[in-house]
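Chain by chain, the residues run as shown.
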Amino acid sequence: MSVHIEFNNVTVRYGQDIALDDIDLEIKEKEVFSIVGPANSGKTTFLKCINRTIDLITGTKVDGKILVSGEDVNEMNNVYALRRRIGMVFPLPVGLPMSIYDNVAYGPRRQGISGKAELDEIVERCLKQSVLWDEVKDRLQMLGTKLSGGQQQRLTLARALSLDPEILCLDEFSIAIDPVTTMKIEEVLSGLKDEMTIILVTNLTQQARRMADHIAFFNASELVEWGETEKLFENPDKEITGRYLNGEFG
Amino acid sequence: MIRKSQAKLGAFLDKAEKPIQWLITLCGWSSIIFVAAIFIFILKESWPAPLTLNWGEFFFSHRWIPVPAEGNEPTYGAMGIMYGTLAITVVSMFIAVPLGLGSAVYISEFATPKLKETLKVLIEFLAAIPSIIWGFIGLVIMGPIIQKVFGVAVGVNLLNASIVVGLMAVPLIVSISEDALRAVPDSYREASLALGASKWEMIYRVLFPAAKNGLLAACMLGVGRAVGETMAVWMASGGTDNIPENFFDPMLLLERVKALTATIAGEMPEAVNGGEHYQVLFIVGIVLLTISVVINVVSDLIIKGFKADKA
């Protein structure tokens, strides 16, 4: 499998504070890559670098190279096109203040798709992929914000899938939802693995173990180590990695 | 361990719960009492004119001649001044709403933090300018400009008053809509932009719908301001109560108009206390009050309608 995303000596500063310190790693195509680490270790910043939503935070400085399919994201002129290639799911569910249908159709419409049949098809496919379809198919015109938390999180996932992304980033998607929904989404992700690269930021080390091909362990803005999932769990190079993954600190 | 004094305070607060509740209830009801009292007061001052007034003439004639020439009966046709108030309100909102919403969007979404603070202070300053100063600007600055640009003899007219009132309403609309936009969670912005939407699409498709109640309230307050403004309107509108033949003629902007508020303010000092003219001016006050109440109720209904939307 070829390399999909590459971080070359990436350092991110928020004003004086260092959020990511000299990160170097590779993510292969169509794998599940998990990022674990305690709070404030730079996991979310890592994701924001990939789709350049980090540009929206004033006072940020990104050094080093971030390559997506060999192309430097910070050299790209059309940041909107880049963002459309990358689906993003946030820690807290974000139902946008519009109907369920419009929530999912938002991205495709921005991309210029306007045919009703085509949009209908996208909405249905994405809601099915995110196992929300059966619960909402009769009330697609209801406000997305009126769904329950777990449903909204699946709506967020459906929206992230609506642009047929080549990369899907999930930032601690399960912290605000129940275990059953979490398992459902994990199953969905396993199914999507053949179609896209999945980056899973998580606080649940067992989730990472279940899902990921590779794991990177971040601590205090630094990449402590990264490698194959089982190796990191069973035989890590650094002692601290083993202690974190086995739940002895964090 | 709880000290004695603390225990005492606790016991006191337990006992005080009921009276405090009463006090708060009273505060809540006071606004209703005030509104009712104002209405009753105005009605009382206008009495007995509501019984004797020719209401058909009041609403459908523009012959407002409270002090006629010798030998004639006074007439109180208020249609012209009602038209004046409505015209100023509508035209001024065409100026104030786009300008106000535009600056609110700029301040909340585009300005750097430093610029944001500066602009907010300036806008508050704009809101603090007394209305007599605005009237003055209309009279001595806007007036001559309008005379020159449009080649008309008199520069105080509907356009002048609307620009002045519109600018007066802008700070109100800006500060309330900026609050409403700021209240939209950042997660909405991020989610929208992460889908590859441009900033403008994000503002139009996500922020406006999310903040619509606040934005609407801001515009309604602007309308209220325009309806109720007195001094600046008086100075900048020209004071003639004509009824146009065609309401959509753009030349109407250059006609002089007279507003309900300015009529009351201008004629009250000349009206004989307790006389018919005096009483009719209070009826004009009731009309004004009714318009404000209707605006409030309508905006309430619109907001409720939005809330019920797609529920």
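Shown above is the structure to which this text applies.
Predicted model, so just to flag it, every value in this text is computed and none were measured.

K.L.:
With reference to specific residues and values, describe the overall build of chain A.
P.N.:
Each helix and strand in chain A was counted, giving 10 helices and 10 strands. Relative to its length of 250 residues, chain A is compact, with a C-alpha radius of gyration of 18 Å against a globular reference of 18 Å. Counting every position in chain A, which comprises 250 residues, the buried fraction comes to 56%. Taking the intrachain contacts of chain A between residues at least 6 apart in sequence as the baseline, contacts between residues at least 24 apart amount to 66%. Just so you have it, chain A exposes about 10500 Å², and 46% of that area is on carbon and sulfur atoms. Of note, chain A has its 28 positive side-chain charges centred 6 Å away from the centre of its 39 negative side-chain charges.

K.L.:
Hey, could you go over the packing of helix 4 (residues 79-110) of chain B against helix 5 (residues 113-128) of chain B for me, with residue numbers and the actual values?
P.N.:
Residues and elements named next belong to chain B. The contact between helix 4 and helix 5 brings their axes to 9 Å, and the two run at 150 degrees. By the angle between their axes, helix 4 is roughly antiparallel relative to helix 5. The way helix 4 lies across helix 5 gives a crossing that is left-handed. Two secondary-structure elements touch here, helix 4 through Tyr106, Ile107 and Ser108 and helix 5 through Leu115, Lys116, Leu119, Lys120 and Ile123. Here the contact of helix 4 with helix 5 is built from residues that sort into 5 nonpolar, 1 polar and 2 charged.

K.L.:
Describe a negative patch on the surface, with residues and values.
P.N.:
Residues and elements named next belong to chain A. On the surface, Asp22, Asp24, Glu26 and Glu222 cluster together into a patch of negative charge. With 3 residues, the top contributor of residues to the negative patch is strand 2 (residues 17-28). Topologically, Glu222 is positioned in strand 10 (residues 222-228).

K.L.:
Before we move on, can you summarise the interface of chain A and chain B with the specific residues and values?
P.N.:
The interface is formed by 26 residues belonging to chain A together with 22 residues belonging to chain B. Among the residues chain A hides against chain B, the three largest losses belong to Pro97, Tyr106 and Arg110 of chain A. Together they make up 27% of the total. At the junction of chain A with chain B, the criterion picks out 2 salt bridges. Among the ionic pairs, Lys48 of chain A bridges to Glu190 of chain B, the shortest N-O distance being 3.7 Å. Summed over the shared surface of chain A and chain B, the result is 3 residue pairs in polar contact (both at pLDDT 80 or more). Breaking the side of chain A that touches chain B down by element, the ones donating at least two residues are helix 2 (79-84), strand 6 (86-89) and helix 3 (100-111) of chain A. In terms of residue class, the side of chain A that touches chain B is made up of 13 nonpolar, 6 polar and 7 charged.

K.L.:
Residues and numbers for the pattern of salt bridges, please.
P.N.:
In a structure, side chains of opposite charge can pair up when their charged atoms sit close to one another. Under the definition given, this model contains 26 salt bridges over all chains. Notably, a salt bridge pairs Asp63 of chain A with Lys61 of chain A, separated by 3.1 Å at the nearest N-O pair. The class for Asp63 of chain A is partly exposed, based on a relative accessible area of 27%. Overall, the relative accessible area of 45% leaves Lys61 of chain A in the partly exposed class. Arg109 of chain A is the salt-bridge partner of Asp102 of chain A, the closest N and O atoms lying 2.9 Å from each other. Using a relative accessible area of 27% as the deciding quantity, one classes Arg109 of chain A as partly exposed. Several salt bridges share partner residues, and in doing so they unite Lys120, Glu178, Asp179 and Arg182 of chain B into one network.

Calculation criteria
Residues numbered from 1 in each chain as written. Chains lettered and ligands numbered in written order. Predicted model: local features only at pLDDT ≥ 70, side-chain atom pairs only at ≥ 80, totals over all residues. Heavy atoms only, no water. Helix = DSSP H or I, 4+ residues; strand = E, 2+ residues; numbered from the N terminus. Rg over C-alpha atoms; globule rule 2.2 N^0.38 Å. Buried < 20%, exposed > 50% of the residue type's maximum accessible area, 1.4 Å probe, protein only. Contact = heavy atoms within 4.5 Å. Areas by Shrake-Rupley, 256 points an atom, 1.4 Å probe, with all protein chains shown as cover. Lys, Arg positive; Asp, Glu negative; His and termini not counted. Charge placed at Lys NZ, Arg CZ, Asp CG, Glu CD. Axes fitted to C-alpha atoms, helices over the stretch in contact; angles between N-to-C directions. Parallel < 35°, antiparallel > 145°, perpendicular 65-115°, else oblique. Left-handed = near helix turned anticlockwise from the far one by under 90°. Nonpolar A, V, L, I, M, F, W, Y, C, P; charged D, E, K, R; others polar. Patch = residues over 30% accessible without salt bridge, like charges linked within 9 Å, V, L, I, M, F, W, Y side chains within 5 Å. Salt bridge = Lys/Arg side-chain N within 4 Å of Asp/Glu carboxyl O. Buried area = accessible area lost by both parts, 1.4 Å probe. Polar contact = N/O pair within 3.5 Å; in protein donor to acceptor, adjacent residues only side chain to side chain.

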